[in-house]
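Residue-level structural notes
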Number of protein chains: 2
Amino acid sequence: MTQKLVFTNLVGEAIDKLVDDLGNPPVYILVDVNTAKCVLPVLLEQSVSATRAKVITVKAGEVNKNLDNLQTVWKSLQDAGATRNSVIINVGGGVVTDLGGFAAATFKRGMKVINVPTTLLGAVDASVGGKTGINFNGYKNELGTFTEPEATIISTGFFITLPQQELLSGYAEMLKHALLENRDELNRLLNYSVVYPIFNADTLLPLIESTVQVKSRIVEQDFREAGLRKALNLGHTVGHAFESLALKRKSPIAHGYAVAQGLVVALVLSHLKLGFPSDVLHTFAHYIRENYGAFDIDCDDYPELLKYMHADKKNTQEGLIAFTLLADVGDVKTDCQTTPDEVKSALDIYRDLMGI
Amino acid sequence: MTQKLVFTNLVGEAIDKLVDDLGNPPVYILVDVNTAKCVLPVLLEQSVSATRAKVITVKAGEVNKNLDNLQTVWKSLQDAGATRNSVIINVGGGVVTDLGGFAAATFKRGMKVINVPTTLLGAVDASVGGKTGINFNGYKNELGTFTEPEATIISTGFFITLPQQELLSGYAEMLKHALLENRDELNRLLNYSVVYPIFNADTLLPLIESTVQVKSRIVEQDFREAGLRKALNLGHTVGHAFESLALKRKSPIAHGYAVAQGLVVALVLSHLKLGFPSDVLHTFAHYIRENYGAFDIDCDDYPELLKYMHADKKNTQEGLIAFTLLADVGDVKTDCQTTPDEVKSALDIYRDLMGI
């Protein structure tokens, strides 16, 4: 259940090597309209496999990670005569790797996948861990599978031209991993800045590597999210609810921004229920507020947010919401059963901390 | 990757025991309109878990093993608040177990499944082996996963009221397994009759058990159909093409009937390419012709049939079709690369043998 992680800036070469290792099967490249314009031309210059590939293009953005686009991919693969031995190379952010991964996992009961994340978020999160999926009927990642790609190629070359917001979005997941590790790692990240023009791709690379390895280690030990892997859910129960609410408001927010906010709420709950240190909570909340701003909610939104949290796929006890929380930095407690009232209190304090 | 196989006529008791072993999670029962009428009332009488289950009903028949019905199941699970720990009990033939299995494998990235096949075909084939899926865009089982259920409960109690055609349909898969085993097993089946009124559920049971165990052994050794499992594909490359053609003609034929015809074509090809004994071929073809009749094709249908065969998900070499064939009964050769001309010759001889 382990996949190859390739850290390199020679992406074309890495692709050709991997495709060669797979016996040079037919190749399909999945891009969205953005990566079709910005990344695909680079790959076509650098990779022989890319030049002979059939390219499938889907619309960009979270709102398009849906059944319609999934059908587009399935149909394109079918029309082109893809077989179970063909390989699909997903070139894009989490939307492309999640959607392409799900299409590949289910087309003819499974074809091969290589992920080439083009966003920081994709590199540190979506392309590692085997989660594939789409949104359905207003809920995030409601449908999907656990299916590891053959390999993921991670290159900082793609990240230096990312918009500021994209970088911060990915950085939120890195902060999460640091919270799961230890105070040194957390302080290292809280003292680093991905804000232009200070940000530097070379100094970011070692941080990405250690972050990805943290996740990779956890996933290897618990592929199907039976226990330990729930640690990675830190900040996501509320984060997903914020994302769902934003989708409903027709103004989607970046996943990482939602996670950043969700982490603050998770730390508040951790403080209330497990005595997570107040000073770290305040330092962390301050960093998020400064760099990410706040997600605008008031108490009228609570019922809707709680509805989304109750629908979270990690819940197992009816009426309660299962949170991953921290007794301290690096001291993870999964399955903390939480009442709606506790969540409401935490949201009150969150709004206070964020000044809304 | 192994699932429990429970052979019993006390189905309700078996369900309650299994659900109890799973920690009594919320239970969903998937039925089609037929099993809702004929089987569900029996389960509701016999099983406590069934009485507290939410029932999801879909349309019956192969034409409804499609994305529309899959969406119906996904949506019903979502609306009812199913979690990853919930269990879905698929009560029906291959359509219900394939569709319900696919829905469960992908809903929130995977919930638990118990299969209760109500047809002989479902018992000997669809409910063992972890294949889930739906038809898509005119092609059989184009989308799906390999996902084992927690358990499959096999009861001959459901089969005694099956129409003659259903029994023969399941029996075709049993014949396939016998061809993969040895001459004794094959002769045992060719001398047995599932034709009413001679047929007897008690004498059938040991034949089902040995058949299911044959398949179970093969699947355990090769879950993802990388090699050995392709043996189970005997007769299916042509069988699926016949099914697809029948679907296109808007007069779907039973899967087992298509397999029965496909087995004859596979044995013809086996004779032509690998010297499979002519006398067994003729005895077998005679048995199929007598019990199943022929599938009506002429040479105008060949291009369409070849197109379907080329699209088969087991193909790996372009231009050729990969067949599972036999050098003799029990002597399986997988991946026999076959040219379109060889297939056409085999179809000519098939028509001759079947008198069409």
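Residues numbered from 1 in each chain as written. Chains lettered and ligands numbered in written order. Predicted model: local features only at pLDDT ≥ 70, side-chain atom pairs only at ≥ 80, totals over all residues. Heavy atoms only, no water.

**Some thoughts on the overall build of chain A**
Secondary structure summary: chain A contains 15 helices and 10 strands in total. Whereas a compact globule of 356 residues would reach a radius of gyration of roughly 21 Å, chain A reaches 20 Å, a difference of no more than 12%. Principal axes of the C-alpha set define a box for chain A whose edges measure 55 × 40 × 35 Å. The proportion of buried residues among the 356 residues of chain A is 61%. Here the contacts in chain A between residues at least 6 apart in sequence split such that 77% fall between residues at least 24 apart. Surface accessibility of chain A: about 13000 Å² in total, with carbon and sulfur atoms responsible for 50%. Here chain A holds 33 positive side-chain charges and 41 negative ones, and the gap between their average locations is 7 Å. (Helix = DSSP H or I, 4+ residues; strand = E, 2+ residues; numbered from the N terminus. Rg over C-alpha atoms; globule rule 2.2 N^0.38 Å. Buried < 20%, exposed > 50% of the residue type's maximum accessible area, 1.4 Å probe, protein only. Contact = heavy atoms within 4.5 Å. Areas by Shrake-Rupley, 256 points an atom, 1.4 Å probe, with all protein chains shown as cover. Lys, Arg positive; Asp, Glu negative; His and termini not counted. Charge placed at Lys NZ, Arg CZ, Asp CG, Glu CD.)

**What to know about the packing of helix α5 (residues 67-79) of chain B against helix α6 (residues 94-106) of chain B**
Residues and elements named next belong to chain B. The N-to-C vectors of α5 and α6 enclose an angle of 50°; their axes lie 10 Å apart at closest approach. The pairing of α5 with α6 is recorded here as oblique in orientation. Between α5 and α6 the crossing geometry is right-handed. Along the contact surface, α5 presents Asn69, Leu70, Val73 and Trp74, while α6 presents Leu99, Phe102, Ala103 and Thr106. (Axes fitted to C-alpha atoms, helices over the stretch in contact; angles between N-to-C directions. Parallel < 35°, antiparallel > 145°, perpendicular 65-115°, else oblique. Left-handed = near helix turned anticlockwise from the far one by under 90°.)

**Digging into the confidence of the model for chain A**
All names here are of chain A. Across chain A, pLDDT averages 92, with 97% of residues at or above 70. Across chain A, the secondary-structure element scoring lowest on mean pLDDT is helix α10 (residues 201-221), at 83, and the one scoring highest is strand β2 (residues 27-32), at 98. This prediction of the complex comes with two scores: 0.79 for pTM and 0.77 for ipTM. (pLDDT = per-residue confidence, 0-100.)

**Let's talk about the side chain of Thr237 of chain A**
All names here are of chain A. With respect to the helices and strands, Thr237 occurs in helix α11 (residues 236-248). Using a relative accessible area of 3% as the deciding quantity, one classes Thr237 as buried. Engagement of the side chain of Thr237 in a polar contact is seen with the side chain of Asn233, the distance being 3.3 Å. (Polar contact = N/O pair within 3.5 Å; in protein donor to acceptor, adjacent residues only side chain to side chain.)

**Let's talk about the sheet that holds strand β1 (residues 4-7) of chain B**
Residue and element names in this part refer to chain B. As summarised here, the arrangement of the six strands in space is β1-β8-β5-β4-β2-β3, forming an open sheet in which the pairing is parallel. Strands at the two margins of the open sheet, each flanked by one partner only, are β1 and β3 (54-58). The average angle at which neighbouring strand axes cross in this sheet is 20°, direction not considered. Where strand β4 (residues 87-92) and strand β5 (residues 112-117) come together, six bridges link them in parallel fashion. Within β5, the position partnered with Val91 by the bridge is Val116. Sheet strands touched by helix α10 (residues 201-221): β1 and β8 (151-154). Its angle to β1, the strand with the most contacts, is close to 175°. (Pairing = 2+ DSSP bridges.)

**Thoughts on the relation of the copies chain B and chain A**
When chain B is fitted to chain A, the residual RMSD is 0.0 Å, and the transformation amounts to a turn of 180° plus an axial shift of 0.0 Å. Such values leave the two copies arranged in the relation of a two-fold axis. (Least-squares fit on C-alpha atoms with pLDDT ≥ 70 in both.)

**Section: α10 of chain B**
For α10 of chain B, spanning 21 residues, the distance from its first C-alpha to its last is 30 Å, which sits close to the expected 30 Å at 1.5 Å a residue. Elements in contact with the buried residues of α10 of chain B: β1, α7 (120-126), β8, α8 (164-181) and α9 (183-190) of chain B. (Expected span 1.5 Å × (residues − 1).)

**Considerations on the packing of aromatic side chains**
Counted under the stated rule, the structure contains 12 aromatic pairs over all chains. Ring geometry for Tyr139 of chain A against Tyr308 of chain A: centres 5.8 Å apart, planes inclined by 70°, an arrangement best described as edge-to-face. With Tyr139 of chain A in strand β7 (residues 139-146) and Tyr308 of chain A in helix α14 (residues 302-310), the pair connects residues that are 169 residues apart, well separated along the chain. Here Tyr139 of chain A matches Tyr308 of chain A in class, with each residue buried. On the basis of an interplanar angle of 25° and a centroid distance of 6.2 Å, the ring pair of Tyr171 of chain B and Tyr192 of chain B is categorised as stacked. Of this pair, Tyr171 of chain B sits in helix α8 while Tyr192 of chain B sits in the loop between α9 and α10; the two residues are 21 residues apart in sequence, bridging distant segments of the chain. The exposure class of Tyr171 of chain B is buried, given its relative accessible area of 0%. Residue class for Tyr192 of chain B comes out buried when judged on its relative accessible area of 15%. (Phe/Tyr/Trp six-rings, centres within 6.5 Å; stacked < 30°, edge-to-face > 60°.)

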